[in-house]
Amino acid sequence: MLRSRLIPSLLIQGKGLVKTQKFQNPRYIGDPINTIKIFNEKNIDEIFISDIDVTVKKKEPNYKLIENLAIESRMPFCYSGGVNSIEKALKIIELGVEKVAIGSAAVQNPKFISDLSDRIGKQSVVVVLDIKKTLFKKNYEIFTHNGKKASGFSAKDFALKMQSLGAGEIIINSIERDGCMQGYDLNLINEVSENIHIPFTVLGGAGNLKDIGLVTSKHHPCGAAASSMFIFKGKHKAVLIQYPTFEEKEKILIPQQNLS
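Residues numbered from 1 in each chain as written. Predicted model: local features only at pLDDT ≥ 70, side-chain atom pairs only at ≥ 80, totals over all residues. Heavy atoms only, no water.

Quick notes on the side chain of K249
Next, step 1: With respect to the helices and strands, K249 occurs in helix 10 (residues 246-253).
Next, step 2: Ignoring sequence-local partners within four residues, the contact set of K249 consists of R3, L6, N43, D45, Y243 and P244. (Helix = DSSP H or I, 4+ residues; strand = E, 2+ residues; numbered from the N terminus. Contact = heavy atoms within 4.5 Å.)

Okay, structure coming up:
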């Protein structure tokens, strides 16, 4: 039986784990290696880790940190940040990472996605769409460089383009919902996912299991990723790594009609 996936999303800045809100004001959370160790004990489906500095600062990915994270991780691991060449992607895959996620490089050179898919297999190629509405709030647009640089591409059209070029998965990431814990942008998800047939994951806005269920019940099977709800506890947002029990997860990831 196909099932949806529930995916913690972690942001790396330097060597530390941080959390942003609307892609701004990164707050230090803790050590990423220790966080991976805690998630290992919770039997999570997959983990998505993004380095938010390397593209903006034109740096190389931190291969040693990626290797240490991959060694520690017992779950499938998707990495994003500074992957703008086949050589870098191959090096990261060789470190034990299952999937590489491409953002800015896909916008700057869409053909990179087809070249990469041919080289490492489309199942390992993920395209991250960081999205917010345009100035007049009419259209969803792709942004790069931590949400600061407009691409000119509509989210819907670019998702279709990435699919046609060989992406194995799309991540639909709402900049405006990031860290707000007020629910996913369902209109955005509907618009972007409407005409794609490859797997997709949603990110940005989840605050509780109900938010997850609203997406997985309509778009089963899909990936539901979140950050704040897995690392914060209570109204004061104390740091506490958490993840649903198996029973809680099954209720929201498998539509009830599929259980009969």
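Description of the state of the cysteines
Next, step 1: Evaluated as defined, the whole model comprises zero disulfides.
Next, step 2: The closest cysteine sulfur to the non-disulfide-bonded C222 is located on C78, 15 Å from its own sulfur. (Disulfide = S-S within 2.5 Å.)

Quick look at the pattern of salt bridges
Next, step 1: Evaluated as defined, the whole model comprises 14 salt bridges.
Next, step 2: Ionic pairing is found between D45 and K249, a salt bridge with its closest N-O pair at 2.9 Å. On the criterion of sequence distance, the pair formed by D45 in the loop between helix 1 (32-40) and strand 4 (47-51) and K249 in helix 10 is long-range, its members being 204 residues apart.
Next, step 3: Measuring nitrogen to oxygen at the nearest pair gives 3.6 Å for the salt bridge that ties K64 to E67. (Salt bridge = Lys/Arg side-chain N within 4 Å of Asp/Glu carboxyl O.)

Here we look at the pairing of strand 6 (residues 99-102)
Next, step 1: Residues K99 and A101 point to one face of strand 6 and V100 and I102 to the other, with burial holding for every one of them.
Next, step 2: In the sheet, strand 5 (residues 77-80) pairs with strand 6 via three bridges, with the strands oriented parallel. Looking across to strand 6, one finds that C78 is bridged to K99.
Next, step 3: Between the parallel elements strand 5 and strand 6, the chain passes through helix 3 (residues 86-94) in a crossover that is right-handed.
Next, step 4: Pairing of strand 6 with strand 7 (residues 125-133), which is carried by three bridges, proceeds in the parallel orientation. Each bridged residue has a counterpart across the sheet, and for I102 the counterpart in strand 7 is V127. (Buried < 20%, exposed > 50% of the residue type's maximum accessible area, 1.4 Å probe, protein only. Pairing = 2+ DSSP bridges. Right-handed = clockwise from strand over helix to strand, strands pointing away.)

Things to note about the packing of aromatic side chains
Next, step 1: According to the stated counting rule, one finds two aromatic pairs in the structure shown.
Next, step 2: Look at F153 and F158: their rings are 4.8 Å apart centre to centre, the planes differ by 35°, and that puts the pair in the tilted class.
Next, step 3: Given the relative accessible area of 31%, F153 is considered partly exposed.
Next, step 4: Residue classification places F158 among the buried positions, given a relative accessible area of 1%. (Phe/Tyr/Trp six-rings, centres within 6.5 Å; stacked < 30°, edge-to-face > 60°.)

A short note on the packing of helix 1 against helix 2 (residues 63-72)
Next, step 1: Helix 2 packs onto helix 1 with a crossing angle of 15° between their chain directions and a minimal axis gap of 9 Å. Accordingly, the angle class assigned to the pair helix 1 and helix 2 is roughly parallel. At the point where helix 1 passes helix 2, the crossing takes the right-handed sense. In this structure, helix 1 contributes P32, I33, I36, K37 and N40 to the contact, and helix 2 contributes L65, N68, L69 and E72.
Next, step 2: In the contact of helix 1 with helix 2, the residues fall into five nonpolar, two polar and two charged. (Axes fitted to C-alpha atoms, helices over the stretch in contact; angles between N-to-C directions. Parallel < 35°, antiparallel > 145°, perpendicular 65-115°, else oblique. Left-handed = near helix turned anticlockwise from the far one by under 90°. Nonpolar A, V, L, I, M, F, W, Y, C, P; charged D, E, K, R; others polar.)

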